[in-house]
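One letter stands for each residue in the lines below.
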Amino acid sequence: MRLLYLLLFTLVISCKTNQEPKITSEIKPVFGVIEKNAMVVSARKEASKIGKDILQKGGNAFDAMVATEMALAVSYPYAGNLGGGGFMVYRKNNGETGAIDYREKAPLAASKDMYLDENGDPIPEKSQLGPLAVGVPGTIAGIFEVHKKFGTLSIKELLTPVVELAKKGYVITENQEKRLEHFRELFIETNKDTILYAKTIKANDTLKNPMLAKTLERIIENGKDEFYQGVTGEKLVAYIKSQGGIMTMEDLNKYEAKWRDPVQFSYKDLNIISMSPPSSGGVCLAQIMKMIEPYNLSEYGHNTLKSIQIITEAERRAYADRSFYLGDPDFVKIPIDTLISNEYLSERMKDFDMDKATLSSDLSYGSIPGYESSETTHYSIIDQFGNAISVTTTLNGAYGSKLYVPELGFFLNNEMDDFSAKPGTPNMFGLLGAEANAIEPEKRMLSSMTPTLVEKDGELWMSVGTPGGSTIITSVLQTILNVKEYGMTMQDAVNAPRFHHQWLPDVVIFEPNSFDKKILDSLKTKGYKTNEEESRVIGKVDGILVLPDGNLEGGADKRGDDAAVGF
């Protein structure tokens, strides 16, 4: 059965029970796409359909991951990529869980002070635009590692539909037209020439990318080595060097995706499985959810004064810890067990006062003895066998560094900006970093990406994630709470208005025209600084919920061109 999306913000308040929350609002709930067997939800319908087709052919969620990831690289160049990286969390149908880190790395020639001027101050343009902003890409290594471990169909079967998509083209949406128009001059300036995406491209035009099709055909023929040791890698390095970059073939040769243990924690009757460092997502999500667990959010109500206060104060403390403790676990020791322990987090919330805001200037990271882009993309997949994955991948900024390799047909990331160019100085998302996230050769930069799976009573319940830079963690948090505490459908949970706080700057950002003015006034009276004018999107969440009858509900965020496709 298929139910159409309604383009509405629908807030559904519910009574919490020990079973599924019961919807009690007079407002009719909005459901997403409901299917019996399998579901793919991503930023583009073309990518979701290709992933679904792989599943219908008999492939599993991991096969569909490979195809969907590359289809997004073709149809969603804003964040989909060959020239970036990402994270995947998985849960197999036997309950086994795990994660893979294919985050980019700093080149061997990178240095701690490479983005500082003669006065020791950061030069943001160097870490955000052009060749010096590019980290060693991990996406191709990531999909091949996943395929090697879990894939059942051949790479040719998985990528041939993607090659056809690149050759035949995809239809440009109004959102894409606006983005391309916005960045056109920057594309030309950064590349010192026009590129495919700098042409005048209108909504409903069909965009073909024959050079990307050829790159993918070489990868089908030669595998992962084509990108890291072959002609494609050589062309990539030659182009970066010609533009003044520092990446070498040795950097590519040495790159490897890494299997990691995900961060797992409980929230009431839920078990949350999320990404571990160098993503800050799982640790921060665990901290926030454990800090708010003692409070009865369902009783307070969705987006009420009390609920917003409690969530904001927990976010404030988690982001303060993020800035100090988190980095690449291969380079720094991270006290994860302590950071997500009940004892530590109870202590962190001791100075929370419901009558007034905690000032971020008065709040530092917590004391332990002895001791991130809004232009990302996410997709969730549950297959007909009961396997589930949650994947977030990115170029960091919109179209990454804006550096485009014409012979290869794709943009390169600007992930080097996610390092702390100078501890205590914010990156493009306003996030502060410390020595734990300082630049070092071959180090992976800290991320906010939060691909997450949720179990309820030991069974798979949800796959969820979002783009959104520093707002990723808070968007995933609120989506889970919307279903768990407020009884929303997956689609309503994804659609509901969101807010965000990240310690510094000390401002609570609200989606414009979505919150009760009386509540915002009350927050200001208590000492909170609010910002409703900023038009930034706080996440574009894609999620799948397993319904009580075993059917799957796909929730695709209406803030983008996202689509849920299943069978």
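A quick note: this is a predicted structure, and the numbers were derived from the prediction, not measured.

When helices and strands are counted, the protein shows 18 helices and 23 strands. Taking 2.2 N^0.38 as the reference for a compact globule, 567 residues should give roughly 24 Å; the C-alpha atoms of the protein span a radius of gyration of 22 Å, in line with that estimate. Residues counted as buried form 63% of the 567 residues belonging to the protein. Counting only carbon and sulfur atoms, one obtains 50% of the accessible surface of the protein, whose full area is about 20,200 Å². Computing the positive centroid from 62 side-chain charges and the negative centroid from 77, the protein places the two 2 Å apart.

Moving on to the confidence of the model for the protein. Considering every residue of the protein, the mean pLDDT works out to 91; 91% of them sit at 70 or more. A low-confidence stretch, residues 1–25 (pLDDT under 50), is modelled with 79 contacts involving residues beyond four sequence positions or located in other chains. Contacts of residues 368–373 to residues separated by more than four positions or lying in other chains number 28 contacts, the stretch itself having pLDDT below 50.

This part is about the sheet that holds strand β10 (residues 263–267). Taken in spatial order, the seven strands make up an open sheet running β3-β22-β21-β17-β16-β11-β10, and their pairing is antiparallel. Each end of this open sheet is capped by a strand with a single partner; those strands are β3 (33–35) and β10. Going from strand to strand, the sheet's axes swing by 20 degrees on average, the running direction of each strand aside. In terms of strand pairing, β3 meets strand β22 (residues 552–556) through three bridges, oriented antiparallel. Across the sheet, residue valine 33 finds its bridge partner in β22, namely glycine 554. Docked against the sheet, helix α11 (residues 281–292) engages β10, β11 (270–274) and β16 (452–456), running at close to 15 degrees with respect to β10. Contacts between helix α16 (residues 472–484) and the sheet are confined to β10, β11, β16, β17 (459–465) and β21 (542–546), with β17 contributing the most and set at about 140 degrees to the helix.

The linkage connecting proline 277 with the following residue, proline 278, adopts the cis geometry, with an omega of 20 degrees. Along the chain, proline 278 turns up in the loop between β11 and α11. The omega torsion of the bond from leucine 504 to proline 505 falls at -5 degrees, within 30 degrees of zero and hence cis. Among the structural elements, proline 505 can be located in the loop between β18 (499–500) and β19 (508–510). For asparagine 204, which is not glycine, the phi torsion reads 80 degrees and is therefore positive. Classification of asparagine 204 as exposed rests on a relative accessible area of 64%.

This part covers α11. In a regular helix each residue adds 1.5 Å, so twelve residues correspond to 16 Å; α11 covers 17 Å between its end C-alpha atoms and thus fits that length. For α11, the tally of buried residues reaches twelve of twelve residues, placing the bulk of the element in the interior. Residues Gly281, Gly282, Val283, Cys284, Leu285, Ala286, Gln287, Ile288, Met289, Lys290, Met291 and Ile292 constitute the buried set of α11.

Attention now moves to the environment of alanine 109. Looking at where alanine 109 falls in the secondary structure, it is placed in the loop between β6 (97–102) and α3 (124–128). When the C-alpha atoms of alanine 109 and isoleucine 246 are compared, they prove to be 6.4 Å apart, with 137 residues separating the residues in sequence.

In space, the three strands of this open sheet follow the order β18-β19-β20, with mixed pairing throughout. Of all strands in the sheet, those bounded by a partner on one side alone are β18 and β20 (530–531). Pairing of β18 with β19 involves two bridges; the strand directions are antiparallel. The partner of phenylalanine 499 across the bridge, within β19, is phenylalanine 510.

This part takes up the UniProt feature "active site" (unreviewed entry) in the protein. Per the UniProt record, "active site" (unreviewed entry) is annotated on Thr376. The residue threonine 376 is located in strand β12 (residues 376–382) in this model. Among the polar contacts made by the side chain of threonine 376, one reaches the side chain of threonine 394 at a distance of 3.4 Å.

Calculation notes
- Residues numbered from 1 in each chain as written.
- Predicted model: local features only at pLDDT ≥ 70, side-chain atom pairs only at ≥ 80, totals over all residues.
- Heavy atoms only, no water.
- Helix = DSSP H or I, 4+ residues; strand = E, 2+ residues; numbered from the N terminus.
- Rg over C-alpha atoms; globule rule 2.2 N^0.38 Å.
- Buried < 20%, exposed > 50% of the residue type's maximum accessible area, 1.4 Å probe, protein only.
- Areas by Shrake-Rupley, 256 points an atom, 1.4 Å probe, with all protein chains shown as cover.
- Lys, Arg positive; Asp, Glu negative; His and termini not counted.
- Charge placed at Lys NZ, Arg CZ, Asp CG, Glu CD.
- pLDDT = per-residue confidence, 0-100.
- Contact = heavy atoms within 4.5 Å.
- Pairing = 2+ DSSP bridges.
- Axes fitted to C-alpha atoms, helices over the stretch in contact; angles between N-to-C directions.
- Expected span 1.5 Å × (residues − 1).
- UniProt positions renumbered as here; feature names shortened; annotations may be inferred.
- Polar contact = N/O pair within 3.5 Å; in protein donor to acceptor, adjacent residues only side chain to side chain.

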